[in-house]
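# Architecture and fold: a report
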Amino acid sequence: MEKRAADPPCLALSDFVQVYKEELAQGKFWGVDHDLRQALGCGVSREEGRFFEARFDHIFFSPSASLLAVVAPAANSGAMPNVQEASDHQIQTALFSLA
């Protein structure tokens, strides 16, 4: 008889709740909103628009490279991720000369 691997430990309800408490304490309301929308078909009701919007993506380069051009990110019509954008990051594009 083949030996079966032990089932992985289950997440206790208190641990599950703690995950969301930590997200909320860190201001990550969009994560909770996303999960509610996926599980229940509706998120957190709010009057003041989006939970979060910021731009943190950067392109770092060496001083020996010359920056020739930067392409502005495409306009987005809402909070990301969403139906059109699977990621919460936008593509960053730049052209450099290494000569």
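Keep in mind it's a predicted model, so treat the numbers as computed, not measured.

### Quick word on the overall build of the protein chain
Counting its regular elements, the protein chain contains two helices and two strands. Starting at the N terminus and ending at the C terminus, the protein chain contains elements arranged as α-α-β-β. Burial status across the protein chain gives 7% buried among its 99 residues. In the protein chain, the proportion of contacts linking residues at least 24 apart, taken out of those at least 6 apart, comes to 44%. For the protein chain, the accessible area works out to roughly 8700 Å², and carbon and sulfur atoms hold 59% of it.

### Re the packing of aromatic side chains
On inspection of all chains with the given rule, the structure shows two aromatic pairs. Judged by centre distance (5.3 Å) and plane angle (65°), the rings of F16 and Y20 are edge-to-face. Note that F16 and Y20 are positioned in helix 1 (residues 13-25) at a spacing of four residues, about one turn of the helix. Taking the relative accessible area as the measure of exposure, Y20 reaches 21% and is therefore partly exposed.

### Considerations on the environment of E23
Tracing the chain through its elements places E23 in helix 1. Ignoring sequence-local partners within four residues, the contact set of E23 consists of K28, G31 and V32.

### Brief notes about helix 2 (residues 29-40)
The terminal C-alpha atoms of helix 2 lie 16 Å apart, and with twelve residues this matches the ideal 16 Å at 1.5 Å per residue to within 8%. Where helix 2 is concerned, the buried positions are G31, V32 and D33. In this structure, the buried side of helix 2 is in contact with helix 1. G41, located one to two residues past helix 2, shows a positive phi value of around 85°.

### Re the confidence of the model for the protein chain
For the protein chain, the average pLDDT comes to 78, and 74% of its residues sit at 70 or higher. Model confidence for the protein chain, summarised as mean pLDDT per element, is weakest for helix 2 at 82 and strongest for strand 2 (residues 93-97) at 93.

### Details of helix 1
For helix 1, with 13 residues, the first-to-last C-alpha span of 18 Å sits near the 18 Å given by 1.5 Å per residue. Trailing helix 1 by a residue or two, G27 shows a phi angle of about 80°, which is positive.

Rules behind the numbers
Residues numbered from 1 in each chain as written. Predicted model: local features only at pLDDT ≥ 70, side-chain atom pairs only at ≥ 80, totals over all residues. Heavy atoms only, no water. Helix = DSSP H or I, 4+ residues; strand = E, 2+ residues; numbered from the N terminus. Buried < 20%, exposed > 50% of the residue type's maximum accessible area, 1.4 Å probe, protein only. Contact = heavy atoms within 4.5 Å. Areas by Shrake-Rupley, 256 points an atom, 1.4 Å probe, with all protein chains shown as cover. Phe/Tyr/Trp six-rings, centres within 6.5 Å; stacked < 30°, edge-to-face > 60°. Expected span 1.5 Å × (residues − 1). pLDDT = per-residue confidence, 0-100.

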